[in-house]
Amino acid sequence: MRFADWPMVWLLLALPALWALELYMARRSRAIRDSFASPEMLQRLRPNASAAKKRVRAAMLWIALLLLVLTLAQFQFGRVVEEVSRRGVDIVVAMDCSASMRARDIEPSRLDKARSELSHLIQRLQGDRVAIIAFAGTAHALCPLTLDRSAALMYLEVLDTDLVPYPGTNVAAAIDKALEIFDPADKQHRVLVLISDGESLEGDLDQAIERARQANVRIYTLGVGGARGEPIPEFDDQGRPQGFKKDRSGQLVQSRLDEAGLTRMAEATGGLYRRATYGEHEIDTLYNDIQKMEQRELDSTVRVAYKDRFPWFLVPALALLILQFVLSERRDRLL
């Protein structure tokens, strides 16, 4: 026997206090009544009053309250032992944290949109393990492969363009870091989700894609940004705008979405490419395709499930309340 909602059990302690209060008020009322009229006079004034039926009505009320408290506390009795298994794939998410992700050709910024998509993906996971990589000029693993979605979501708060100390955009390093994270014993259930504007400025990307293909890693890419080019905002240490990034000749640096490169990565490894748009979650399309992959059992636990018995108390409680309301206290009448 147990209760699923223990705070409600404290209401059981309130019932005796309320009952004692009701007895006190009834005794006080009887004393006041007796000071105005004798028992014989009261009997003549109310010849059909039934003390027994009054006590029955009070008992109905208190029993109904007790049953309602047991219902609210979700009384459970009996249990079933069942095995629960989780099936899924290993998903490593590589998040571009380079300076170009500050561009605002998608509101409020490329990075904010990327964080929103990643949050949506993590919340949709159904038994899949997830890991998070942040990359710019190099790549760092923030979160190892885990089934704990809440733990993975905590890392979203630290994803920013100043997280990786090395400037640049090295997609090849992100791919290689993902290959280090995957379980070497399982080469059948591996996915890399790359969220970036696609501008790969360092590393040998072609060789990294080939290493991923040989390791049986599918790369799904989500492009964030526009193809026309967008200046990159700069900020001081207090976060105040300081104009836009310029090259050595003083010209504004224009960052463009490299859809061709992101598409090539996905197609070479059997994945998909989608471009993120304002107000939509294109990550859903990628995850729906990931779910079509063969999945393996990632975790198996034995769970004790308790049987809910509180519905048994609700109907009697309501019936007693209705009867208590309609039952008459007169001897010559039932209702």
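Thresholds, definitions, all that
Residues numbered from 1 in each chain as written. Predicted model: local features only at pLDDT ≥ 70, side-chain atom pairs only at ≥ 80, totals over all residues. Heavy atoms only, no water. Salt bridge = Lys/Arg side-chain N within 4 Å of Asp/Glu carboxyl O. Buried < 20%, exposed > 50% of the residue type's maximum accessible area, 1.4 Å probe, protein only. Helix = DSSP H or I, 4+ residues; strand = E, 2+ residues; numbered from the N terminus. Pairing = 2+ DSSP bridges. Axes fitted to C-alpha atoms, helices over the stretch in contact; angles between N-to-C directions. Contact = heavy atoms within 4.5 Å.

(A) The arrangement of the pattern of salt bridges in detail. Enumeration over the complete set of coordinates arrives at 10 salt bridges. A salt bridge links D105 to R110; the shortest N-O distance between them is 2.7 Å. Owing to a relative accessible area of 27%, D105 belongs among the partly exposed residues under this scheme. With a relative accessible area of 0%, R110 lands in the buried category. Close ionic contact of R264 with D206 constitutes a salt bridge, the shortest N to O distance being 2.4 Å. Taken together, the residues span a long stretch of sequence, with R264 in helix α8 (residues 259-269) and D206 in helix α7 (residues 205-214) at a distance of 58 residues. You can call R264 partly exposed: its relative accessible area is 39%. Take D206: its relative accessible area is 46%, and that puts it in the partly exposed class.

(B) Spatial organisation of the sheet that holds strand β3 (residues 90-96). Across the sheet, 6 strands lie side by side as β5-β4-β3-β6-β7-β12; this open sheet has mixed pairing. Two strands bound the open sheet, and with one partner strand each, they are β5 (139-146) and β12 (273-275). Looking at each pair of strands side by side, their axes are set apart by 15 degrees on average, direction ignored. With 3 bridges connecting them, strand β7 (residues 217-223) and β12 associate as parallel partners. Bridge assignment links G223 to a residue of β12, and that residue is R275. Sheet contacts for helix α6 (residues 171-181): β3, β4 (129-135), β5, β6 (190-196) and β7; angle to β4, the most-contacted strand, approximately 150 degrees. α8 rests against β6, β7 and β12 of the sheet, and its axis sits at about 155 degrees to β7.

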